[in-house]
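# Breakdown of the fold
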Amino acid sequence: VQLQASGGGLVQAGGSLRLSCAASGRTLGSYYMGWFRQAPGTEREFVAAIVWSGGSTIYATSVKGRFTISRDNAISTVYLQMNYLKPEDTAVYYCAAMGPRPRLELRRADEYDYWGQGTQVTVSS
């Protein structure tokens, strides 16, 4: 699976951005897709995840109610709509894919099999 993330940029606090993650190389019907972020000097942090088949979602507490993860099956793309952005949302955002497995740990970065290259999001105050 190849993942290509895009959509980052510079935005003022309170603004919005939509990140995209285009997947190729394999059908994703049984996969789980996640968004993570990493600010300088910090560990990679879970943001949101979605079950490709069915569309169930989970979010980090820090973004719940502001961010929405979704997917478009027709074009194998996952989105992260980010609203009411705060300066503390500034980070490099990564999309990731996890294949099927008997026990799910969707919030753990080391459980994901494939990663995109990251896209920078900067929120100014």
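In every chain, residue numbers begin from 1 and rise along the written sequence. Where local features are concerned, this predicted model is filtered to residues with pLDDT of at least 70; where side-chain atom pairs are given and counted, the filter is 80 or more; whole-chain, interface and lining totals use all residues. The side-chain values count all of the structure's non-hydrogen atoms but skip hydrogen atoms and water molecules.

## Details of the state of the cysteines
The cut-off we apply is this: The disulfide definition used here is simple: a pair of cysteine sulfur atoms within 2.5 Å. The helix and strand labels rest on DSSP assignments: H or I over at least four residues marks a helix, E over at least two residues marks a strand, and numbering proceeds from the N terminus. Each residue's exposure class comes from its accessible area (1.4 Å probe, protein chains only) as a fraction of the maximum for that residue type: buried when under 20%, exposed when over 50%, partly exposed otherwise.
Throughout the structure, instances matching the rule amount to one disulfide. The disulfide that involves C21 links it to C95, with 2.1 Å between the sulfurs. On the sign convention where negative is left-handed, the bridge of C21 and C95, at about 65 degrees about the S-S bond, is right-handed. Here C95 lies in strand 9 (residues 91-98) and C21 lies in strand 3 (residues 17-24), a separation of 74 residues in the sequence. As far as burial versus exposure is concerned, C21 and C95 are alike and both buried.

## Considering the packing of aromatic side chains
For clarity, the cut-off: We call Phe, Tyr and Trp rings a pair once their centres come within 6.5 Å, taking the six-membered ring for Trp, and we label the pair stacked below 30 degrees between planes, edge-to-face above 60, and tilted otherwise. Note on criteria: charge over ring means Lys NZ or Arg CZ within 6 Å of the ring centre, with the direction from the centre no more than 35 degrees off the ring normal.
Scanning all chains against the criterion turns up six aromatic pairs. When the centroid spacing of 6.5 Å and the interplanar angle of 35 degrees are considered together, the rings of Y31 and Y114 count as tilted. Here Y31, found in the loop between strand 3 and strand 4 (32-38), pairs with Y114, found in strand 10 (residues 114-115); they are 83 residues apart in sequence, far enough to count as distant. Accessibility expressed as a relative area gives 25% for Y114, which makes it partly exposed. Where Y94 meets W115, the ring centres are 6.4 Å apart and the plane angle is 80 degrees; that geometry is what we call edge-to-face. Here W115 lies in strand 10 and Y94 lies in strand 9, a separation of 21 residues in the sequence. Residue classification places Y94 among the buried residues on the basis of a relative accessible area of 14%. Look at W115 and you get partly exposed, because its relative accessible area is 29%. Within the aromatic cluster, the residues linked to one another by ring pairs are F36, F46, Y94, Y112 and W115. Lying across the ring of Y94, R44 places its NZ or CZ 3.8 Å from the centre. Above the plane of the ring of W115 lies R44, whose end atom (NZ or CZ) is 4.7 Å from the centre.

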